[in-house]
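Report on the structure
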Amino acid sequence: MKTVIAILCRNAEETLEKTYLEIPKEYRKNTILSDDNSTDSTLKIAKKLKLKVYKNPRAGGYGSNAKNCFNSAIKEGADIIVILHSDAQYDATKIPAMAKLIEEGKADFAIGSRMIGERAGLKNMPKYRYYGNRTLTILENIAMGTKLSDLHSGLMAIRTSTLKKIPYNSNYDDYTFHSELVVQTRMAGGKFGEVAIPTRYEDESQSTNLTKTIMYGLRTLKLVLRYVLHKSGIKRHPQLEIKEV
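Residues numbered from 1 in each chain as written. Predicted model: local features only at pLDDT ≥ 70, side-chain atom pairs only at ≥ 80, totals over all residues. Heavy atoms only, no water.

Observations regarding the nonpolar core
Counting residues in each nonpolar core, the largest one holds 32 residues, and the members touching the most others are Phe70, Ile81, Ile83, Phe109 and Leu181. For this core, the secondary structure elements donating two or more residues are strand 1 (3-9), helix 4 (62-75), strand 4 (80-85), strand 5 (109-113), strand 6 (156-159) and helix 8 (176-187). Those residues in contact with Ile81 that lie beyond four places of it in its chain are Val4, Phe70, Ala73, Ile74, Met156, Ala157, Ile158, Thr160 and Leu163. In terms of nonpolar packing, the next biggest core, distinct from the first, is built from 29 residues, Ala12, Tyr20, Leu49 and Ala107 among them. (Core = buried A, V, L, I, M, F, W, Y, C linked by side-chain atoms within 4.5 Å. Buried < 20%, exposed > 50% of the residue type's maximum accessible area, 1.4 Å probe, protein only. Helix = DSSP H or I, 4+ residues; strand = E, 2+ residues; numbered from the N terminus. Contact = heavy atoms within 4.5 Å.)

A word on the pairing of strand 5
Two faces, one strand: in a regular strand the side chains alternate between the faces of the sheet. Counting buried positions along strand 5 gives 5 out of 5 residues, so the element sits mostly inside the fold. Neither face of strand 5 is left uncovered, since the one carrying Phe109, Ile111 and Ser113 and the one carrying Ala110 and Gly112 both have all their residues buried. Examined bridge by bridge, strand 5 and strand 6 share 3 bridges and lie antiparallel to one another. Looking across to strand 6, one finds that Ala110 is bridged to Ala157. Where strand 5 meets strand 7 (residues 192-196), 5 bridges bridge the pair, whose relative direction is parallel. What sits directly across from Ser113, in strand 7, is Ala196. (Pairing = 2+ DSSP bridges.)

Structural notes on helix 6 (residues 127-144)
Spanning 18 residues, helix 6 covers 25 Å between terminal C-alpha atoms, matching the ideal 26 Å at 1.5 Å per step. When helix 6 is considered as a whole, its buried residues turn out to be Arg129, Tyr130, Asn133, Leu136, Thr137, Glu140, Asn141 and Met144. Relative to the axis of helix 6, the buried residues are bounded by an arc of 145° and lie together on one face. For helix 6, the exposed residues lying more than 90 degrees away from the buried face are Lys127 and Ile142. Tucked inside the fold, the buried residues of helix 6 contact helix 8 and helix 9 (210-232). (Expected span 1.5 Å × (residues − 1). Arc of directions from axis to C-beta.)

As for unusual backbone geometry
The backbone of Asn11 shows a phi angle near 50°, a positive value even though the residue is not glycine. Within the secondary structure, Asn11 is located in the loop between strand 1 and helix 1 (16-22). Since its relative accessible area comes to 28%, Asn11 is described here as partly exposed. The phi angle at Ala88 is positive, at roughly 65°, despite the residue not being glycine. Within the secondary structure layout, Ala88 lies in the loop between strand 4 and helix 5 (95-103).

Comments concerning the packing of aromatic side chains
Scanning the model with the defined rule gives 6 aromatic pairs in all. Seen from their ring centres, Tyr62 and Phe177 are 6.4 Å apart, and the 70° between their planes marks the pair as edge-to-face. Of this pair, Tyr62 sits in helix 4 while Phe177 sits in helix 8, and the two are 115 residues apart along the sequence. Taken individually, Tyr62 and Phe177 each receive the classification buried, so the pair is uniform in this respect. Between the aromatic rings of Tyr130 and Tyr131, the centroid separation amounts to 5.0 Å while the plane-to-plane angle is 85°, which identifies the pairing as edge-to-face. Aromatic rings pair up to connect Tyr62, Phe70, Tyr168, Tyr175 and Phe177 into one cluster. Over the face of the ring belonging to Tyr20 we find Arg28, whose NZ or CZ atom lies 5.6 Å from the ring centre. (Phe/Tyr/Trp six-rings, centres within 6.5 Å; stacked < 30°, edge-to-face > 60°. Lys NZ or Arg CZ within 6 Å of the ring centre and 35° of its normal.)

Have a look at this one:
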């Protein structure tokens, strides 16, 4: 199976090379960059690293760029697509373990979990993000019947055949895209798996502020309610209609 790593990027001149070099060598040849209108030296660094660049056709934030990551990786013939942030917040050395879960049929959606281990994420994660993450994940687990520790990690891998069942191109353009993708994957019958990763929050990491985190949380709760209503047949929603491929 071909694994394509799509680096989601915007103005990452300080961290792009560090992020790329952390990717295991055998995976670098199938690594691409999805650039969201960078105005610094990011593209020069990408050229030096010989990365194939796909520019986001409409600059619009995380979700918009994630869509470009997926669409570009599909063009590259990916069987498995890994989304990796360019700010070095996530441990790229764990990518082989995540891909293996999908290759072996143990998962369709693999997550790099910062919460495996007792209070693991609290060690380095801002408290409001840790407790917000834990609360949302618990509520999502209850609604979807899953038993996962971290449904909001930005390091993820997904089986392309599962992704193609989902209308992800119509999802939110902001960070809520991720929560929507998780709910859609569950609706499509996808299996989830987790690999433990360390928690990193450094000065260069692109992290959301408190206000945006609250908005993300409220929208995620709305998506969970939408899933419950759709699944029970009370109120159908087009974003949760799954197609066979």
